[in-house]
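Listed below, chain by chain, are the residues.
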Amino acid sequence: MRAMAASSNEPIESMGEPNRVLSGRLIVTIDGPAGTGKSSVARDVAKRLVLTVLDTGAMYRAAALLTLRLGITPTDGAGIAKALGTHHIEMDFDAETPNVLLDGSDPGEEIRGREVESIVSLVAAHPQVRNRLVAVQRAVAASHSRLVTEGRDQGSVVFPDADARFYLNASSQVRANRRVKQLRKKGHEVDVESVLEGIEARDRLDAGRADGPLIRPDGAIEIETDQLQLSEVVDRIVEAVRKTGRDS
Ligand code: DC
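These numbers come from a predicted model, not from an experiment.

Trainee: Please explain the pairing of strand β8 (residues 164-169) as it appears in this structure.
Mentor: The side chains of a regular strand alternate between both faces of the sheet. Counting buried residues in β8 gives five out of six residues, a clear majority hidden from the surface. Summarising the sheet, strand β3 (residues 26-31) and β8 pair through four bridges and their orientation is parallel. Paired with Asp31 across the two strands is Tyr167, which belongs to β8.

What follows is the structure, given as structure tokens:
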């Protein structure tokens, strides 16, 4: 995996303190439903604690895009898993904000589009698909031992032994409002009602599947984000990680 090799296992120098070398393992997981701000929170936590950031939702989105491109029925788990055996989903950690690559190319905004959004939960429900992507996620952690990873199952299934685990939550109405704001900023025409319906439908699929369902991992710190600014959520996580004593 190209980018993983690029910076594997090298100690990372703390940006603020040039003489301090951070080398101990630190795995932080952030799970929660769509629209809780996990990606932005994880990016900022990564900056503050000098960690690599992994957006596992982008990997499932890339698998959904591949499904669309190859014309595979989204309910055909075996077909999608077979395609994942010959096509490659990996992370580009050389990019300023690490992003997913599908067969070596950055799919860009296509993985955030309506078509992908409408099938991604179906694609992500197949155990054969999850097994493949979970293996990639663990390989990322093996070569980036200081990692903050976000998704639905990171603290429950993929890294149950993580050093610090968090679960972000918010009401579906607040999550829909946030999503609408984001989409409108990007120039998309959307109405709150249909976004809310989409979010609730995805929640049902993500929480109802047998393999790696969306749950609050046992022992994870839950943060209710309805009334919190992004920076407040980041502060709470950074503070809790520092309390573990594993942040340096
Ligand atoms: O976080 P997101 O909205 O980009 O996630 C896209 C989809 O992928 C979502 O429907 C849930 C699924 N997903 C998953 O099943 N497991 C993960 N670890 C991350 C995302």
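Trainee: Even after reading the chapter, I still don't get the site of the ligand, so can you show me in this structure?
Mentor: The environment of the ligand is formed by 16 residues, the closest being Arg61, Ser121, Arg130, Asp153 and Arg209. Here an oxygen atom of the ligand and a side-chain polar atom of Ser121 are 2.8 Å apart. In this structure, a nitrogen atom belonging to the ligand sits 2.8 Å away from a side-chain N or O atom of Asp153. Burial of the ligand by the protein chains amounts to 96% of its free accessible area of 450 Å². Broken down by secondary-structure element, the contributors of at least two residues to the shell around the ligand are α3 (56-70), α5 (114-124) and α9 (192-208). Its residues assigned to classes, the shell around the ligand shows three nonpolar, five polar and eight charged.

Trainee: Looking at this structure, how should I read the pairing of strand β5 (residues 89-92)?
Mentor: The two faces of β5 match: Ile89 and Met91 on one face and Glu90 and Asp92 on the other face are all buried. Summarising the sheet, β5 and strand β6 (residues 99-102) pair through four bridges and their orientation is antiparallel. Looking across to β6, one finds that Glu90 is bridged to Leu101. In this antiparallel pair of consecutive strands, β5 and β6, the connection spans six residues.

Trainee: Would you take a moment to explain the pattern of salt bridges for this structure?
Mentor: Should their charged atoms come close, side chains of opposite charge can pair. Evaluated as defined, the whole model comprises 14 salt bridges. The salt bridge partner of Asp153 is Arg130, with a shortest N-O separation of 2.8 Å. One end of the pair, Asp153, is in the loop between β7 (146-151) and α7 (154-158); the other, Arg130, is in helix α6 (residues 127-143), with 23 residues separating them in the sequence. Of the two residues, Asp153 and Arg130, neither departs from the other in class, the shared state being buried. With its nearest N and O atoms 2.5 Å apart, the salt bridge here joins Arg175 to Asp203. Linking Arg175 in helix α8 (residues 172-185) with Asp203 in helix α9, this pair joins segments that are 28 residues apart in sequence. Its relative accessible area of 16% is what places Asp203 among the buried residues. Shared partners join several salt bridges into a network, and the residues in it are Arg61, Glu117, Arg179 and Arg202.

Trainee: Is there a simple way to explain α5 in this structure?
Mentor: Side chains that are three or four residues apart share a direction in an α-helix, a result of its 3.6 residues per turn. Burial in α5 covers these residues: Val116, Ile119, Val120, Ser121, Val123 and Ala124. Lining the buried residues of α5 we find α3, α4 (77-86), α6 and α9.

Trainee: Quick question: what am I supposed to make of the packing of α3 against α5 here?
Mentor: Each pair of packed helices can be described by the angle between their axes along with the distance between the axes. One way to put it is that α3 packs onto α5 with a least axis distance of 8 Å and a crossing angle of 105 degrees. When the axes of α3 and α5 are compared, the pair comes out roughly perpendicular. Contact with α3, carried on its side by Tyr60, Arg61, Ala63, Ala64, Leu65, Thr67 and Leu68, involves Glu115, Val116, Glu117, Ile119, Val120, Val123 and Ala124 of α5 and no other residues of that element.

Trainee: Can you help me understand the nonpolar core in this one?
Mentor: Across soluble globular proteins, nonpolar side chains have a tendency to be buried as a group. Residues Leu54, Met59, Leu84, Ile89, Val100, Val123 and Leu133 are the most contacted members of the largest nonpolar core, which totals 35 residues. Elements represented by at least two residues in this core include exactly α3, α4, β5, β6, α5 and α6. Element by element, the count of residues in this core is highest for α3, at eight residues. Setting aside its immediate chain neighbours within four residues, Leu54 contacts Met59, Met91, Phe93, Gln137, Val140, Leu147, Val148, Thr149 and Glu150. Within the second largest apolar cluster, 22 residues are counted, among which are Leu26, Val28, Leu168 and Ile237.

Trainee: Can you walk me through the sheet that holds β7 in this structure?
Mentor: Pairing between sheet strands relies on hydrogen bonds along the backbone, with the strands arranged either parallel or antiparallel. Pairing is parallel across the open sheet formed by five strands, whose spatial order is β4-β7-β3-β8-β9. Only two strands of the sheet have a single neighbouring strand rather than two, namely β4 (52-55) and β9 (221-224). Recorded for the sheet is a direction-independent mean angle of 20 degrees between the axes of neighbouring strands. Packing against the sheet, helix α2 (residues 38-49) makes contact with β3, β4, β7 and β8, and its axis sits at approximately 170 degrees to β7.

Trainee: Whenever I open this one, the side chain of Arg61 confuses me. Can you help?
Mentor: Here Arg61 lies in helix α3. Non-local contacts of Arg61, meaning those with residues more than four positions away in its chain, are made with Ile111, Arg112, Val116, Glu117, Val120, Arg179 and Arg202.

What counts and what doesn't
Residues numbered from 1 in each chain as written. Predicted model: local features only at pLDDT ≥ 70, side-chain atom pairs only at ≥ 80, totals over all residues. Heavy atoms only, no water. Buried < 20%, exposed > 50% of the residue type's maximum accessible area, 1.4 Å probe, protein only. Helix = DSSP H or I, 4+ residues; strand = E, 2+ residues; numbered from the N terminus. Pairing = 2+ DSSP bridges. Near = heavy atom within 4 Å. Polar contact = N/O pair within 3.5 Å; in protein donor to acceptor, adjacent residues only side chain to side chain. Areas by Shrake-Rupley, 256 points an atom, 1.4 Å probe, with all protein chains shown as cover. Nonpolar A, V, L, I, M, F, W, Y, C, P; charged D, E, K, R; others polar. Salt bridge = Lys/Arg side-chain N within 4 Å of Asp/Glu carboxyl O. Contact = heavy atoms within 4.5 Å. Axes fitted to C-alpha atoms, helices over the stretch in contact; angles between N-to-C directions. Parallel < 35°, antiparallel > 145°, perpendicular 65-115°, else oblique. Core = buried A, V, L, I, M, F, W, Y, C linked by side-chain atoms within 4.5 Å.

By themselves, these are just geometric observations and shouldn't be taken as functional.
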